Amino acid sequence: MDLTQGSNELKNARAKKMMLWFGMISIAMMFAGLTSAYVVSKSRPDWVSEIEIPVAFVISTIAIVISSITFYLSKKAIEKSDRKKATLLLLTTFVLGLLFVFFQFQGFSQIVDAGYYFTGSESTITTSFLYAIVFSHLVHVFAGLLVLVVVIYNHFKEKYKPGQTLGLELGAMFWHFLDFLWVYLILFFYFFR
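For clarity, every value in this text was computed on a predicted model and none was experimentally measured.

How each quantity is defined
- Residues numbered from 1 in each chain as written.
- Predicted model: local features only at pLDDT ≥ 70, side-chain atom pairs only at ≥ 80, totals over all residues.
- Heavy atoms only, no water.
- Helix = DSSP H or I, 4+ residues; strand = E, 2+ residues; numbered from the N terminus.
- Contact = heavy atoms within 4.5 Å.
- Polar contact = N/O pair within 3.5 Å; in protein donor to acceptor, adjacent residues only side chain to side chain.
- Phe/Tyr/Trp six-rings, centres within 6.5 Å; stacked < 30°, edge-to-face > 60°.
- Buried < 20%, exposed > 50% of the residue type's maximum accessible area, 1.4 Å probe, protein only.
- 1 Å grid on protein atoms, 1.4 Å probe; cavity = no way out; pocket = protein on both sides within 12 Å on 5 of 7 lines; lining within 4 Å.
- Points joined across faces, edges and corners; volume = space filled by probe spheres on them.
- Nonpolar A, V, L, I, M, F, W, Y, C, P; charged D, E, K, R; others polar.
- Core = buried A, V, L, I, M, F, W, Y, C linked by side-chain atoms within 4.5 Å.

(A) Region of interest: the environment of Leu130. Looking at where Leu130 falls in the secondary structure, it is placed in helix α4 (residues 125-156). Placed 57 residues apart in sequence, Leu130 and Leu73 show a C-alpha to C-alpha distance of 33 Å. Non-local contacts of Leu130, meaning those with residues more than four positions away in its chain, are made with Ile111, Phe118 and Phe189.

Set out below in structure tokens:
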């Protein structure tokens, strides 16, 4: 590889990472706006503060935190040329991501079972905010799962090798960001009821 080609690859990698950062900052700003509106709306007389965080949301939090660890470890395995371990860790990350989504829907179900509805005449501004924020995060998790499918596909095509992990790094950055975002949201809901 000549010096010019290496320089171009480095610039390309930097540009892709910068684009991802801009996207993640935009998403973070959207959630900052939503959670700020939530805080401002707490002063409304019809605000419901008795809603407990569903156990399923706690379980989903554990699943997504562990998935970030397995994603990180998969990159370490690829750097050590341990494809078998990387495969297992990437597939585990995907399963944990699916478990996160499953428990999110279980959490919604637990809230409805407690008598709080997200839409319709029996809904409240509180539950509508909760629904909008959590559902918005779920949409981004679906995007993260698609990214993870692409990463796994590229891994099976042997596109990642020590020193050639850009796609994996970008996917991991986005996945860790989603993890961080959910931890922020669950703590936000816990402390700002």
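(B) Fine view of the side chain of Thr127. You can see Thr127 is positioned in helix α4. A polar contact of 3.0 Å, which involves the side chain of Thr127, links it to the backbone oxygen of Thr124. For Thr127, the contacting residues outside a window of four places in its chain are Ile51, Tyr116, Tyr117 and Phe118.

(C) Structural view of the packing of aromatic side chains. Overall, the coordinates contain 19 aromatic pairs when judged by the stated rule. Centre to centre, the rings of Tyr38 and Phe188 are 5.2 Å apart; their planes meet at 65°, and the pair counts as edge-to-face. Of this pair, Tyr38 sits in helix α1 (residues 3-41) while Phe188 sits in helix α5 (residues 166-191), placing them 150 residues apart in sequence. On the basis of relative accessible area, Tyr38 is assigned to the buried category, the value being 4%. With relative accessibility at 7%, the residue Phe188 sits in the buried group. With 4.9 Å between their ring centres and 90° between their planes, Tyr190 and Phe191 make a pair best called edge-to-face. Residue class for Tyr190 comes out partly exposed when judged on its relative accessible area of 46%. Using a relative accessible area of 59% as the deciding quantity, one classes Phe191 as exposed. Among the aromatic residues, those joined into a cluster by ring pairs are Phe57, Phe100, Phe105, Phe108, Phe118, Tyr131, Phe135 and Trp182.

(D) The arrangement of unusual backbone geometry in detail. A positive phi is found at Ser81, a non-glycine position, where the angle reads about 60°. The residue Ser81 is located in the loop between α2 (55-79) and α3 (83-113) in this model. The exposure class assigned to Ser81 is exposed, which follows from its relative accessible area of 53%. The backbone phi angle of Glu158 is positive, close to 60°, even though this residue is not glycine. By the secondary structure assignment, Glu158 is in the loop between α4 and α5.

(E) Structural context of the layout of surface pockets. Taken as a whole, the largest pocket encloses approximately 360 Å³ of empty space. Contributing to the lining of the largest pocket are 13 residues, with Glu9, Gly163, Gln164, Thr165 and Leu166 lying nearest its centre. At the level of secondary structure, the elements contributing two or more residues to the lining of the largest pocket comprise α1 and α5. A per-class count over the lining of the largest pocket returns four nonpolar, six polar and three charged. Put simply, the second largest pocket is a space of about 200 Å³.

(F) Molecular detail of the nonpolar core. Counting 44 residues, the largest nonpolar core has Phe71, Trp182 and Phe189 as the members making the most contacts within it. At the level of secondary structure, the elements contributing two or more residues to this core comprise α1, α2, α3, α4 and α5. For this core, the element with the highest residue contribution is α5, accounting for 14 residues. Contacts of Trp182, omitting those with residues within four sequence positions, involve Phe57, Ser60, Thr61, Ile64, Phe100, Gln104, Val134 and His137.

(G) The arrangement of empty space enclosed by the protein in detail. In the structure shown here, the tally under the stated rule is one cavity of 30 Å³ or more. Empty space within the largest cavity amounts to approximately 140 Å³. Broken down by secondary-structure element, the contributors of at least two residues to the lining of the largest cavity are α4 and α5. Considered class by class, the residues forming the lining of the largest cavity number ten nonpolar, two polar and two charged.

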